[in-house]
Amino acid sequence: MAHDRQTGDSGINSNPEPFLQAIARAYAGEPPERLLDYCFVFPNKRSATFFSHYMAGFQRKLAPTSIQPETTTITEFVDGLAPGIPAERLEQILILYRAYRRVLIRHSEALNKGEASDEIAAEIDINRFVYWADVLLSDFNDVDMYLADPREVFRNVELLKEISANYLQPEDWQAAERFLNLDRSSQRHVAEFWNHIIHNGAEGTRSKAVSGFTRIWQVMNEVYGEFHNELESRGLRTSSMAYVSAIKCLEAADHARLPHSRYIFVGFTMLSKAEERIFALLRDMRGTDGESMADFYWDAASPVFRDGDNSAAGFMNKYVREFPSRYDCVGQLDSFPEIHIIGVPSRAAQAQIAGRLVEAEHPFDLETDSLHAAEALRHTAVILPDEKLVLPVVSAIPDEIKPLNITMGYPLRNSPVWGLTRSIVSLQLRGRREREGGYAFFNEDVRSVLSHPVLRDSMGDVCSLAMRYINESHLIMIRASLFAQPEFEDLRPVFTPVPADSRAGAVFAYLRDILSWLDRLVSSKLTDMETNETECEFDDDGAPLSASASGSVPRIVDRVFLRRYAAAADHIEELAAKYLDAAGQALIPSTVFSLIERLVSGETVNFEGRPLRGLQIMGVLEARSLDFRTVILPSMNEKVFPRTRFQPSFIPEQLRRAYGLSTIEHQEGIFAYYFYRMISRARKVFLLYDTRPGSRGGGQMSRYLHQLQRVYRPAGLTRDLIPFNIP
């Protein structure tokens, strides 16, 4: 990237029109009968909601009654063209396991003339498979979304891995290590990643069938085919299969078979090859009027996107050329907003500063006891790259600032009882059978459970008594039988042993008992109002959590978490019976706990709110295509924004590049686009970062802040460091 240059002029954004409003203005004058026949497609529901608001505003000025065209998301649009029902992730994993198992059995029969199929089937372990199944599913998804030929991709994976494969016998390696002083630790790591998950027995005991093929790359294409075939036979599909089906549908369709005469795609960023193909098919399809059935609007107005060295500029400019807009309604920007970079030595302090900035932008009038209208608040957004700041930010907003519209939701994994369940799981997984036949837990695991605030809040006396007994007895291992004694019996549900060799049924029974017990503890501390809120049904469109009652949110979420955890356990038990029992496979305790955590960890409980009123608090993805006059962005540290976690893959990076699959550069380009688009039309932008060296990101500013300071150098850019002296 070239340095010491400034993009645009020396001015500051005055009052640029929001991106969605500009498109609504362009289409608002269309005849009503045409608008009713159009469909606007967006990346998410929130941008569709804002667009409809702008459209309604324009139409009220033009006619007494407004006509709202249909809006949808790209996911809903594709689902409407594809057959089948979406399969959830866990069901995909179990179907993938069945496909994988069949492929290995088939290879065994071919190699050993049918003699070893039963033996190898018993050695294919679901409990080891589930830990890397997500990697294989993601690779299959990439192959579909980027329209790569699976046979070619997986054949080249096989050839590439064969070149680097190690075929030396153990004694050969030992001789080489002694002669060349080699370190095999990295070799073992790579081999373990690429080996099949078949159990390897003691030296000399592995079957001929198992030793005949032990590399996953040799069967990836077969597993891919089996997996897709079984999904289709069950009337199921993955999200990427839906895109492939949608392409086939559009290739065979004409305008008469589509429900709308024009599809307007608005606000998209990095497209997969499947999305590009869908866009191209509709662009080239002609309606009854002879015009294209598709229109496209890209938000590349920021001066940054005219910088060819910026990672987001290349793909956006490509889309603008290949998928042009019917109306030239999105103006280019020549300047940046007023930008303030603020370093704060604490994550919590960033939340406090965010609250003060909101208060400064919307001051409370003590004389009239009123605020700026909710319409004014709607133009201010606090956008959170780090979801853990949701509650601290909400708590820091002055009570007079209302309403609040929180679109992120509160992550269940941030609830206090989540930490307790993880401590209980660790306690059970590390427990040991004793020689005398009893069962014991490690001292540190027992302490972690007994000292947890959720337990101490409800059973403080018995927890303290147990801790005192353990300390005075100098116990390293604590027997489970201790909690059968009368003085400790209240804790017995937690410390009921679940040995590592327990059957899945025993694990699910334990979970039902412990979750019911925890639910009673948590419920005993809820107020009547909080209890009523936890009885409500939760959905994506609304939620019972009130932003004004943020102090009670953790207590409410604790009970919601326990119910979701119990529902996840029941669901896993149901799917295991459906897909594993016939194969003679059973889940062990560690796998059950891992799968439940995987299902629950991504869930959230939404806050109540109206997207078109009040102060907006949202995540980065929710802010796509939206524009605000004032933007406050905490957590602008490297490794936080942009994130540095990338999905592992069995497909090497060089092959991903060769076949046009998603790469690290794709992800970095998306984050760059999100950032510069988010701030492009604002008047004021406040970028907060944590200055502590030991914090996540090591106290380093995000690369985007460095680019603003050293490359683009916009007028009105300031940088401040605030000491940690917030009361």
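Here, the structure is the one placed above.
Now for a look at the structure at hand.

Rules and cut-offs
- Residues numbered from 1 in each chain as written.
- Predicted model: local features only at pLDDT ≥ 70, side-chain atom pairs only at ≥ 80, totals over all residues.
- Heavy atoms only, no water.
- Helix = DSSP H or I, 4+ residues; strand = E, 2+ residues; numbered from the N terminus.
- Buried < 20%, exposed > 50% of the residue type's maximum accessible area, 1.4 Å probe, protein only.
- Contact = heavy atoms within 4.5 Å.
- Pairing = 2+ DSSP bridges.
- Axes fitted to C-alpha atoms, helices over the stretch in contact; angles between N-to-C directions.
- Salt bridge = Lys/Arg side-chain N within 4 Å of Asp/Glu carboxyl O.
- Right-handed = clockwise from strand over helix to strand, strands pointing away.
- Core = buried A, V, L, I, M, F, W, Y, C linked by side-chain atoms within 4.5 Å.
- Parallel < 35°, antiparallel > 145°, perpendicular 65-115°, else oblique.
- Left-handed = near helix turned anticlockwise from the far one by under 90°.
- Phe/Tyr/Trp six-rings, centres within 6.5 Å; stacked < 30°, edge-to-face > 60°.
- Lys NZ or Arg CZ within 6 Å of the ring centre and 35° of its normal.

### Brief notes about the side chain of Ser635
Argument step 1. Relative to the helices and strands, Ser635 is located in the loop between strand 16 (630-633) and helix 26 (653-658).
Argument step 2. We classify Ser635 as buried; its relative accessible area is 5%.
Argument step 3. Not counting residues within four places of it along the chain, the set of residues in contact with Ser635 comprises Gln350, Pro385, Asp386, Leu389, Val640, Phe641 and Leu688.

### Re the sheet that holds strand 17 (residues 684-690)
Argument step 1. Pairing in this open sheet of seven strands is parallel, and the strands run 9-15-8-16-17-7-18 from one edge to the other. In this open sheet, the two strands that pair with only one neighbour each are strand 9 (404-406) and strand 18 (718-721). Direction aside, neighbouring strands of the sheet carry axes that sit 15 degrees apart on average.
Argument step 2. By the bridge criterion, four bridges tie strand 16 to strand 17 in an arrangement that is parallel. Counted as the bridge partner of Ile632 is Phe686 from strand 17.
Argument step 3. Most of the contacts of helix 16 (residues 347-361) go to strand 17, to which it runs at about 165 degrees, and overall it touches strand 7 (338-344), strand 8 (380-384), strand 15 (615-619), strand 16 and strand 17.
Argument step 4. Sheet strands touched by helix 27 (residues 664-680): strand 7, strand 8, strand 16 and strand 17. Its angle to strand 16, the strand with the most contacts, is close to 145 degrees.

### Examining the pattern of salt bridges
Argument step 1. Scanning the model with the defined rule gives 44 salt bridges in all.
Argument step 2. Note that Glu665 and Arg657 form a salt bridge whose closest N and O atoms lie 3.1 Å from each other.

### Focus on the pairing of strand 6 (residues 294-297)
Argument step 1. What you see with strand 6 is no split at all: Ala294 and Phe296 on one side and Asp295 and Tyr297 on the other are buried throughout.
Argument step 2. Here four bridges tie strand 5 (residues 262-266) to strand 6, and the two strands are oriented parallel to one another. Within the sheet, the bridge partner assigned to Phe265 lies in strand 6 and is Phe296.
Argument step 3. Of the crossover connections in this fold, the one passing from strand 5 over helix 14 (residues 273-284) to the parallel strand 6 is right-handed.

### Comments concerning the nonpolar core
Argument step 1. Among the nonpolar cores identified, the biggest contains 221 residues, and Phe265 and Leu511 are the most heavily contacted of them.
Argument step 2. With 12 residues, the top contributor of residues to this core is helix 24 (residues 553-579).

### What about the sheet that holds strand 12 (residues 439-442)?
Argument step 1. Taken together, the three strands give an open sheet; going across it, the order is 11-12-13, and neighbouring strands pair in antiparallel fashion. Every interior strand has two partners, whereas the edge strands, strand 11 (432-433) and strand 13 (477-479), have only one.

### Overview of the environment of Pro652
Argument step 1. Turning to its location among the elements, Pro652 is positioned in the loop between strand 16 and helix 26.
Argument step 2. Taking the C-alpha atoms as reference points, Pro652 and Leu160, separated by 492 residues in sequence, lie 8.7 Å from one another.
Argument step 3. Beyond its immediate sequence surroundings of up to four residues, Pro652 is in contact with Val157 and Leu160.

### Re helix 1 (residues 19-28)
Argument step 1. The buried count for helix 1 comes to eight of 10 residues, which makes it a mostly enclosed element.
Argument step 2. The secondary structure elements touched by the buried residues of helix 1 are helix 2 (32-35), strand 1 (38-42), helix 3 (45-62), strand 5 and strand 6.

### With respect to the packing of helix 21 (residues 453-473) against helix 22 (residues 504-523)
Argument step 1. It is at 10 Å that the axes of helix 21 and helix 22 come closest, and there the two elements cross at 70 degrees. When the axis of helix 21 is compared with that of helix 22, the two are roughly perpendicular. For the element pair helix 21 and helix 22, the recorded crossing hand is left-handed. Judged by residue contacts, Val454, Leu455, Ser458 and Met459 of helix 21 engage Trp517, Leu521 and Val522 from helix 22.

### Some thoughts on the packing of aromatic side chains
Argument step 1. A complete count under the given rule lists 47 aromatic pairs for this structure.
Argument step 2. Ring centres 6.4 Å apart and planes at 80 degrees place the aromatic pair Phe50 and Phe628 in the edge-to-face group. Taken together, the positions of Phe50 in helix 3 and Phe628 in the loop between strand 15 and strand 16 put the pair 578 residues apart, joining distant regions of the chain. With respect to burial, Phe50 and Phe628 carry one shared label: buried.
Argument step 3. An aromatic cluster is built from Phe77, Tyr263, Phe265, Phe268, Phe279, Phe296, Trp298, Phe305, Phe315, Tyr319, Phe323 and Tyr673, whose rings are joined through pairwise contacts.
Argument step 4. Sitting above the plane of the Phe442 ring, Arg430 keeps its charged end 4.7 Å from the centroid.

### Quick notes on unusual backbone geometry
Argument step 1. With an omega of 5 degrees, the peptide bond running from Lys402 to Pro403 counts as cis.
Argument step 2. Along the chain, Pro403 falls in the loop between helix 18 (390-396) and strand 9.
Argument step 3. Residue Phe641 is joined to Pro642 through a cis peptide bond whose omega torsion reads 5 degrees.
Argument step 4. Its place among the elements puts Pro642 in the loop between strand 16 and helix 26.
Argument step 5. Although it is not a glycine, Ser635 adopts a positive phi angle of roughly 60 degrees.
Argument step 6. Despite not being glycine, Lys639 has its phi angle at roughly 80 degrees, a positive value.
Argument step 7. Looking at the secondary structure, you find Lys639 in the loop between strand 16 and helix 26.

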